[in-house]
Amino acid sequence: TFVYVPARRRWSVAPGLPTPREHLGVTALAGRVYAVGGRTAGLDTNLAAAEAFDPVRRRWSRLPPMPTRRGGTAAASARGLVVSVGGEGPGGTHAEVEAFDPARRRWTRLAPLAQPRHGLGVAAVGGAVYALLGGPRPGLSVSAAAAVLSPR
């Protein structure tokens, strides 16, 4: 894990993720960085791991696991929640949208995507999460799909 300190214009090395992985979703909320989902190799190695990094203490903490194991997910923060959108696995592409509430330390399922996708981009603006593009099938596939999600 690398940390960039803008005031110093420098990078530093921080403790690595407790669960090393790729194809994960990452977002920041209330001074912490959240890492959700991902996989260790192919589609059959998806994880439900969720962890938070406190840059002041330079320490990772494990969170309750996600309800759905998936790689290729994307994450954004809105309305006090960490929202994980889409993903892929051995059975196909995921439509699941799940939200973690740090105050309650629990996951909830939200309304799913109309079109399952992985490798998508998400951004939160004004309390809504925008899910853009992504692949409708596992592996290299693309779409022009866009959706607006309401986390609460």
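Reference entry: report on the structure contained in this document. What you see is a predicted model; the values in this text were computed from it and never measured.

1. A look at the packing of aromatic side chains
Here's step 1: Per the counting criterion, the structure on display carries 3 aromatic pairs.
Here's step 2: Measuring from ring centre to ring centre gives 5.1 Å for Tyr4 and Trp11, while their planes differ by 50 degrees; the resulting arrangement is tilted.
Here's step 3: You can call Trp11 exposed: its relative accessible area is 60%.
Here's step 4: With a centroid separation of 5.3 Å and an interplanar angle of 50 degrees, the aromatic rings of Phe100 and Trp107 are classed as tilted.

2. A look at the nonpolar core
Here's step 1: With 15 residues, the main nonpolar core has Val85, Leu113, Val122 and Val129 as its most contacted residues.
Here's step 2: Residue assignment for this core shows that the elements contributing at least two residues are strand 7 (74-78), strand 8 (81-89), strand 9 (92-101) and strand 12 (128-132).
Here's step 3: With residues up to four places along the chain from it excluded, the contact list for Val129 reads Ala76, Ala78, Val83, Val85, Val122, Ala123, Ala124, Ala147, Val148, Leu149 and Pro151.
Here's step 4: The next biggest cluster of nonpolar side chains, apart from the first, holds 12 residues, and it includes Leu29, Leu63, Met66 and Val82.

3. Considerations on a nonpolar patch on the surface
Here's step 1: A contiguous nonpolar surface patch, about 440 Å² in accessible area, is contributed by Val125, Tyr130, Leu132, Leu133 and Val148.
Here's step 2: When you line up the elements, Val125 lands in strand 11 (residues 121-125).

About the criteria used
- Residues numbered from 1 in each chain as written.
- Predicted model: local features only at pLDDT ≥ 70, side-chain atom pairs only at ≥ 80, totals over all residues.
- Heavy atoms only, no water.
- Phe/Tyr/Trp six-rings, centres within 6.5 Å; stacked < 30°, edge-to-face > 60°.
- Buried < 20%, exposed > 50% of the residue type's maximum accessible area, 1.4 Å probe, protein only.
- Core = buried A, V, L, I, M, F, W, Y, C linked by side-chain atoms within 4.5 Å.
- Helix = DSSP H or I, 4+ residues; strand = E, 2+ residues; numbered from the N terminus.
- Contact = heavy atoms within 4.5 Å.
- Patch = residues over 30% accessible without salt bridge, like charges linked within 9 Å, V, L, I, M, F, W, Y side chains within 5 Å.
- Areas by Shrake-Rupley, 256 points an atom, 1.4 Å probe, with all protein chains shown as cover.
- Salt bridge = Lys/Arg side-chain N within 4 Å of Asp/Glu carboxyl O.

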